[in-house]
Amino acid sequence: MKSILIITLGDPSFYDEVEYIYENSHYKSKFTLPLLFENTKPEYVIIIALDTIIDEPVGNYNELINSVNRKYRDFISKEIPNLDKLKIIVAPGVGRFQSKNFIFNFIGELRDFLIYLIYELSKIFIESEDGLTIHLDLTHGINFMPTFTLHAIKEIAGLLTVAKENVRLRVYNAEPYRRNITSSLRIHIVEDWNAILEYDLTAIKRGRLLKLYDKKLNKEMKEPLKSTELDGITADDINVFISSIFNGLPLSLYTFYPNVSKLEEIINKVIETWRSFVNISMKDNELYIKRLLTFHRNFIRIIHAWFMAKLLNLERKSEVSLEEIDMLRRLFSRWSKRIDAMISYDLYHIKEKIANKELKEWTKLYIALDRSPKGFDTRAFLAHSSLEMNVTEIKKINSKLIFRYIDDEEYRDRIIKACLSGLT
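By convention here, each chain's residues receive numbers from 1 onward along its written sequence. Under the rules for a predicted model, residues below a pLDDT of 70 receive no local features and side-chain atom pairs below 80 are neither given nor counted, while totals for whole chains, interfaces and linings still include all residues. As a rule here, side-chain values come from all non-hydrogen atoms in the structure, and water together with hydrogens is ignored.

Chemist: Explain the sheet that holds strand E2 (residues 18-22) here, please?
Modeler: Note on pairing: two strands pair once DSSP finds at least 2 bridges between them. Runs of E in the DSSP output that reach at least two residues are strands. Runs of H or I that reach at least four are helices, and both are numbered from the N terminus. What the eight strands build is an open sheet, ordered E3-E2-E10-E9-E8-E1-E4-E5; its pairing is mixed. Only two strands of the sheet have a single partner each, and these edge strands are strand E3 (25-29) and strand E5 (86-91). For this sheet, the mean inter-axis angle between neighbouring strands, taken without regard to orientation, is 25 degrees. Pairing of strand E1 (residues 3-8) with strand E4 (residues 44-50), which is carried by five bridges, proceeds in the parallel orientation. Counterpart to Ile6 in the pairing with E4 is Ile46. Whether two residues touch is decided by their heavy atoms; if any such pair falls within 4.5 Å, the residues are in contact. Only the stretch in contact is used when fitting a helix axis, every axis being a line fitted to C-alpha atoms; angles between N-to-C directions are given from 0 to 180 degrees. Against the sheet, helix H2 (residues 61-79) engages E3, E4 and E5, with an angle of about 140 degrees to E5.

Chemist: Explain the packing of helix H6 (residues 232-247) against helix H9 (residues 298-312) here, please?
Modeler: Helix-helix packing is characterised by the crossing angle of the two axes and by the distance between the axes. Where H6 contacts H9, the axes come no closer than 11 Å and their chain directions differ by 60 degrees. When the interaxial angle is binned, H6 and H9 end up oblique. Crossing geometry of H6 relative to H9 is assigned as left-handed. In this structure, H6 uses Ile238, Phe241, Ile242 and Ile245 to contact H9, whose residues at the interface are Ile302, Ala305, Met308, Ala309 and Leu312. Residue classes follow a fixed rule: Ala, Val, Leu, Ile, Met, Phe, Trp, Tyr, Cys and Pro count as nonpolar, while Asp, Glu, Lys and Arg count as charged, and any other residue, Gly among them, counts as polar. Tallied by class, residues from the contact of H6 with H9 come to nine nonpolar, no polar and no charged. Orientation categories follow fixed angle ranges, with anything under 35 degrees roughly parallel, anything over 145 roughly antiparallel, 65 to 115 roughly perpendicular, and all other angles oblique. Crossing handedness is read from the near helix: turned anticlockwise from the far helix by less than a right angle, it gives a left-handed crossing, and turned clockwise, a right-handed one.

Chemist: Hey, could you run me through H9 in this one?
Modeler: Residues separated by three or four positions in an α-helix point in the same direction, a consequence of the helix having 3.6 residues per turn. Expected helix span is computed as 1.5 Å times (number of residues minus one). Taking 1.5 Å per residue as the helical rise, H9 with its 15 residues ought to reach 21 Å, and the 21 Å between its terminal C-alpha atoms agrees with that figure. For every residue, the accessible area (1.4 Å probe, protein chains only) is compared with the maximum for its type, and the residue is labelled buried under 20%, exposed over 50%, or partly exposed between those bounds. For H9, the tally of buried residues reaches 14 of 15 residues, placing the bulk of the element in the interior. Within two residues after H9, Asn313 carries a phi angle of roughly 55 degrees, on the positive side.

Printed below as a string of structure tokens:
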């Protein structure tokens, strides 16, 4: 997938037909998709909608999602028949709305829209290729949707650069519409830039990935919340993984590489639990859709870790070759020349020092470098590409250099703590 078009939509029932203009193209439609689709030629189209856009009462949340999905597909099919590779993301909204003879009350945490959107987008963007162009149109969409959507897209686009090159984002917006005054709207490009990798290096902690929206329900929700808790070992793996990427620590990245399947199971469990506790009830001819649970901010970091680990497509291993470390150096160099220089220097220094040594057996790195042991040093660990000489061993197999950490529980804990010190 090299080109994708994403559009936020509000309630299409209220859209009027106008003439949209983009560059030298004109098209009469109720929304921007037909004209942008024709001009950007995307391989994939994503519509971002809210679950609040319903027309009639529903019995459960799955029924609600299906109803909203059908509404948008019917609307889009009238404007662009037979649109292939269309994905409609129905994300959670909040507020009080009226449709026909009913009033709908959506109660929950507003920020869940952002977190759920990141979850859905990560599943789609995992299929991206080098040279991806993201076309994002924010002309339509209710209130908070454009702000959160731009936030989510920038975040995902940045994370993509961990493994993909030349990720570009183009953001569009049409001129304001006023009924009975406006007959044509020009679509403008308001942003056009290459994605960059930025990340908040806050360590994740063990514990709950879901929270109570209503504190009064604490006793009833105890078990569901406990079933989605993050254990300490997985939290450590994620922290080491994140620190290894952003601090340039290739040996620790391989040694503690997270279990992608396990992360996927955790994510799916959280989403399933969150959905299963959406309570729908009727009172005085009003429908109440209340989300009893809300996402903890740690959940976003689980999604980030899964996304990057899946993109890198590596695996946990205790013995790592110099070539594999150098491969990660080249990868890291995309976003940090400092890390590139640091790893290059460390590898060159080690190769020069042991060039004439056989090293047929596993040898502590400080011995191979003719140094004296001084005890594990966190500063040296971070400054020397995770190849700290007191915990690292080295060996030659057919002239090929292999690295590993000493198999010792105490040293393992020190390595984890050293990686954590590279976070905030």
